[in-house]
Amino acid sequence: MPSREAKGGGQEERKLELRLAPPGEPNNHLGDGNNKEVAGLLPERSRLPPPPTTMTTTPQTRFSLDISGGKDDDDGFKKPLNTSSQKRSAPGPLVGWPPIRSFRKNNIAAAAAATTPNNNSPQKTNPSTHDHKAPPACENPTEETNGKLKGGGSMFVKINMEGVGIGRKVDLMAYDSYDKLFSAVDVLFRGLLEGQRDKGGVVGELEPINGGEYTLVYEDNEGDRMLLGDVPWIMFLSTVKRLRVIKKTSQLSSQCAGGDRHDNNPTR
Amino acid sequence: MASPLSFPEEVLEHIFSYLTLPSDLNSASLVCKSWYSADRYSRRSAFVGNCYSLSPPSLVSRFPNLRSVEIKGKPHFADFNLVPEGWGGYFYPWARTMSVAYPWLREIRLKRMVVSDEALELIGRSFANFRVLVLAFCEGFSTDGLAAIAANCRNLRELDLRESEVEDSSGHWISRFPDSFTSLESLNISCIAAEVNFPALERLVSRCPNLRSLRLNRAVSIEHLPSLLRRAPQLVDFGTGTCSAEVHPEVYSNLVGAFAGCRGLRSLSGFWDVIPAYLPALYSICFGLTTLNLSYSTIPSPDLANLINQCPNLQRLWVLDYIEDSGLEAVASTCKDLQELRVFPSDPFIHEANVQLTEQGLVHVSLGCPKLHSVLYFCRQFSNAALMTIAQNCPNFTRFRLCIIEPHTPDYLTHEPLDMGFGAIVQHCRDLRRLSLAGLLTDRVFEYIGTYAKKLEMLSVAFAGDTDAALHHILSGCDSLRKLEIRDSPFGDIALLANASKLETMRSLWMSSCSVSFGACKFLGQRMPRLNVEVIDESNDPCSRPDNCLVEKLYIYRSLAGPRFDMPEFVWTANEDNSAMRSSLALSY
């Protein structure tokens, strides 16, 4: 397999140079002639991940980047992941990876729940990977796992706060208990409340979201509004459809289904 | 000014009505003032690729006689939860403006927009001849909004909710179509979670003789299918609901009969949780199938292969990786007309492969299916050799999207980066318009892309490249580039600023978890008034941090409208003094 350029391969080196011009052409100005300004005004980088090659910026009118400097393939491409290992524990979950839409992800989770020993199971699922499967976002409750599910499954549900027009989404897979969820919601909406305060909008006191003026409820798969904490965490995960932060004073009125839905669809 | 070449405006408009491509009409409008004017009044459809690239009033003022509008909102990576909730993409301002300006509007197609019930109600009230509503990957509305559409749009032909998020208020919205309503041609409700009133649906299907496309949701169970199919034997495209109930002989034979009656069926989808024993019920119509979407079906490979062997005329196939390499071999030998293949992962969150699907499957298909030009393929291993073989077999690729589940995965045979393989792809496939890279990749592959991929319009990059040279190759080399989306790659200020003017020739650039500094964003935003440079940062106010701090997410797009007014608190624009932008929070939904 061809390797990278050896040191001092002049022709190749020039081809790979980063210049303010298309490769092979003389030094044309790209854009609006800001080249000199760019060279001078670029802020220094901070805390970049170490690249395998060295990068040098030379203060010339031609702003070039020397990226040659023959490195071996073995050398440069040692990544944290040990590729020769077959059985490696999954790395920490990456947001939005692999690139699969929520609709499909939720259906995968539901299908995984459906492939129990009773149903037609097409594949021999490695039992040890059960921990990695996310529970379905819909009706089928899963067997108990150890509280925290590893492997990168995610379960985004909407959360709305009374008085705040824009809802947010939280990934319930990121938490393994009600307490952690409460803290996260607290942090999430505190910022929004402060923002509203600045604009002189309707605002609550700077108390903890749950236990203060507000309380956290959820809607389950049957449309009922429930207080958090009544059922075990795992069961909550399998029935929760969305979350709401409501004022305690309006709790009674919000018991009816669809009570304050108009918050979510303002006319303006 | 009279000249031999000047026609009355009506004649010009008539001639222009034969030009269908927006690019042709755009060119015509640049010829002279009278052609500009003729195009302006005769333009009937508009495509707005980025809802923030111009304001609704400027659209209606330029094109006062539109009948059809297509608008896209959020960037593509919003599909993968990279764009926080509340980012934007609201349809209501468009609805409001168009409701006044276009009383004769017939068609609205939206993608990744936030559509409120109020907007849907406005559509129902405002457009007497409304015919087509397509909401692809949208959100923000409920079945109440759908009820408003059903009740008011007397001439509706198409209602397609393609994978949108719909809040379920009631399943009775279907009943809101009046008894006198018979014009429906296409209905796609596959994304609706709750049950829809089935008798009402049956009656609707019965009284719409032109219904050619019907896609049901999961809640419709299999024993309901025969009665629907018998009422609509003219269907061309059908999507089932769940097919997981235990096979009953009576239900099964009912199903066989019902499918056999639909001689014109060309496209099938749905099949959630389908039990393989049901599949032979489809055999009578398999010969005519051109599109088959089994990507929600957990059917094992042998049963899939049996089904596919019945479908020699298949042009488009979407499946889960349960098909395995062996199933794809069956595809390669049977489906000689295949044009598009998508293979989705059944269990993307585990490291080990749960099925025997490797690069070999795609190699087989590339060899056996000469018309293949569009691929989306999720797998866990690949090799440069396989990519080169595929490139040589399929020089006509227009879309090639590969995803290797584990980031940074090298060629599993040689442990090298996949630079050469993708280099072969862009070198052989000169018509390539869309490319998603995968695996371990260095700057080298970007040099190839910049050199060869001259027709590339959209590029997706994740966990790839080493230095800014890579980004520079793309921006300076890809002449046709419209959309570039990058995540988790070490690209930063230098390449971005050096190619600033390129960004005005593109629709948009997305960069997340890269190495762009806030200072560079500010610089770019201030120097390029026709670019909106938006920094998304949910943790903190980037203004409070030093200029050399890296931004979390960056979305740059060209715009005639200037900075937008509906930015949430976690979006900063670098165009102007930020405190001025913060205070003008006139949110519109």
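The structure under discussion appears in the preceding block.
Because the structure is predicted, anything quoted here is derived from the model rather than measured. (Residues numbered from 1 in each chain as written. Chains lettered and ligands numbered in written order. Predicted model: local features only at pLDDT ≥ 70, side-chain atom pairs only at ≥ 80, totals over all residues. Heavy atoms only, no water.)

### Thoughts on the overall build of chain B
When its secondary structure is counted, chain B shows 22 helices and 23 strands. Its C-alpha radius of gyration of 25 Å places chain B within 12% of the 25 Å reference for a compact globule of 589 residues. Counting every position in chain B, which comprises 589 residues, the buried fraction comes to 64%. Counted over contacts in chain B with a minimum sequence separation of 6, partners at least 24 positions apart contribute 70%. Taken as a whole, chain B presents about 20,500 Å² of accessible surface, with 52% of it coming from carbon and sulfur. For chain B, the centre of its 54 positive side-chain charges and the centre of its 64 negative side-chain charges are spaced 9 Å apart. (Helix = DSSP H or I, 4+ residues; strand = E, 2+ residues; numbered from the N terminus. Rg over C-alpha atoms; globule rule 2.2 N^0.38 Å. Buried < 20%, exposed > 50% of the residue type's maximum accessible area, 1.4 Å probe, protein only. Contact = heavy atoms within 4.5 Å. Areas by Shrake-Rupley, 256 points an atom, 1.4 Å probe, with all protein chains shown as cover. Lys, Arg positive; Asp, Glu negative; His and termini not counted. Charge placed at Lys NZ, Arg CZ, Asp CG, Glu CD.)

### A word on helix α6 (residues 117-126) of chain B
Residue and element names in this part refer to chain B. Most of α6 sits inside the fold, with 8 of its 10 residues counted as buried. Every buried residue belonging to α6 is among Asp117, Glu118, Ala119, Leu120, Leu122, Ile123, Gly124 and Ser126, and all of these are buried. Against the buried residues of α6 lie α5 (92-101), β3 (107-111), β4 (132-136), β5 (141-142) and α7 (143-152).

### Observations regarding the packing of aromatic side chains
Residues and elements named next belong to chain B. All chains considered together, the criterion is met by 26 aromatic pairs over all chains. Each ring, one from Tyr555 and one from Tyr557, has its centre 5.3 Å from the other, and the planes form 45 degrees; the classification is tilted. Here Tyr555 and Tyr557 have matching classes, each one buried. Counting every residue linked through ring pairs, the aromatic cluster contains Tyr52, Phe77, Phe80, Trp87, Trp510, Tyr555 and Tyr557. Against the face of Tyr52 rests Arg564, its NZ or CZ located 4.4 Å from the ring centre. Sitting over the face of the ring of Trp87, Arg564 holds its NZ or CZ atom 4.4 Å from the ring centroid. (Phe/Tyr/Trp six-rings, centres within 6.5 Å; stacked < 30°, edge-to-face > 60°. Lys NZ or Arg CZ within 6 Å of the ring centre and 35° of its normal.)

### What to know about the sheet that holds strand β4 (residues 225-227) of chain A
Residues and elements named next belong to chain A. Strand order in the open sheet formed by 5 strands is β2-β1-β5-β3-β4, and the pairing between neighbours is mixed. This sheet does not close on itself; its edge strands, each paired only once, are β2 (168-171) and β4. Averaged over all pairs of adjacent strands, the angle between strand axes in this sheet comes to 35 degrees, irrespective of strand direction. (Pairing = 2+ DSSP bridges. Axes fitted to C-alpha atoms, helices over the stretch in contact; angles between N-to-C directions.)

### With respect to the packing of α5(B) against α6(B)
Residue and element names in this part refer to chain B. Packing of α5 against α6 leaves a shortest axis separation of 9 Å and a crossing angle of 15 degrees. Taken as axis vectors, α5 and α6 run roughly parallel relative to one another. Like other packed secondary-structure pairs, α5 and α6 cross with a definite hand, here left-handed. Within the contact between the two elements, α5 uses Tyr92, Ala95, Arg96 and Ser99 and α6 uses Glu118, Ala119, Leu122 and Ser126. Of the residues in the contact of α5 with α6, the class split is 4 nonpolar, 2 polar and 2 charged. (Parallel < 35°, antiparallel > 145°, perpendicular 65-115°, else oblique. Left-handed = near helix turned anticlockwise from the far one by under 90°. Nonpolar A, V, L, I, M, F, W, Y, C, P; charged D, E, K, R; others polar.)

### Comments concerning a nonpolar patch on the surface
Together, Phe7(B), Val11(B) and Ile15(B) line one region of the surface with nonpolar side chains, adding up to about 250 Å² of accessible area. Accessibility expressed as a relative area gives 34% for Val11(B), which makes it partly exposed. (Patch = residues over 30% accessible without salt bridge, like charges linked within 9 Å, V, L, I, M, F, W, Y side chains within 5 Å. Salt bridge = Lys/Arg side-chain N within 4 Å of Asp/Glu carboxyl O.)

### Regarding the packing of helix α17 (residues 443-452) of chain B against helix α18 (residues 468-477) of chain B
Residues and elements named next belong to chain B. Look at α17 against α18: their axes get within 8 Å of each other, and the N-to-C directions meet at 5 degrees. When the axis of α17 is compared with that of α18, the two are roughly parallel. Taking contact as the criterion, the partners of Asp443, Phe446, Glu447, Ile449 and Gly450 in α17 are, on α18, Ala469, Ala470, His473, Ile474 and Gly477. Residues belonging to the contact of α17 with α18 are distributed by class as follows: 5 nonpolar, 3 polar and 2 charged.

### Some details on the nonpolar core
Membership of the largest hydrophobic core comes to 206 residues, with the highest contact counts inside it found for Phe91(B), Phe382(B), Phe400(B), Phe422(B) and Ile449(B). Leaving out residues up to four positions away in the same chain, Phe422(B) has contacts with Leu387(B), Phe400(B), Leu402(B), Leu435(B), Ser436(B), Leu437(B), Ala438(B), Leu441(B) and Val445(B). Counting residues in hydrophobic clusters, the runner-up holds 25 residues, among them Tyr175(A), Phe182(A), Trp233(A) and Phe236(A). (Core = buried A, V, L, I, M, F, W, Y, C linked by side-chain atoms within 4.5 Å.)

### Things to note about the side chain of Glu406(B)
Mapping Glu406(B) onto the fold places it in the loop between β16 (399-404) and α16 (419-428). At 3.1 Å, the side chain of Glu406(B) and the side chain of His351(B) are in polar contact. (Polar contact = N/O pair within 3.5 Å; in protein donor to acceptor, adjacent residues only side chain to side chain.)

### So, unusual backbone geometry
Here the amide bond leading from Trp97(A) into Pro98(A) is cis, since omega sits at -10 degrees, within 30 degrees of zero. Relative to the elements of secondary structure, Pro98(A) occurs in the loop between α3 (73-76) and α4 (102-114). Not every positive phi belongs to a glycine, and His408(B) is a case in point at roughly 65 degrees. Within the secondary structure, His408(B) is located in the loop between β16 and α16. Positioned with a positive phi, Asp488(B) is a non-glycine residue whose angle comes to about 50 degrees. In this structure, Asp488(B) sits in the loop between β19 (483-487) and α19 (493-498).

### Remarks on the pairing of strand β2 (residues 68-72) of chain B
All names here are of chain B. The element β2 is largely enclosed, with a buried count of 4 among its 5 residues. Bridge count for strand β1 (residues 45-48) against β2 is 4 bridges, and the pairing is parallel. Bridge assignment links Phe47 to a residue of β2, and that residue is Glu70. Where β2 lies against β3, 5 bridges are found, and the strand directions are parallel. Within β3, the residue paired with Ser68 across the bridge is Glu107.

These figures capture arrangement, not role.
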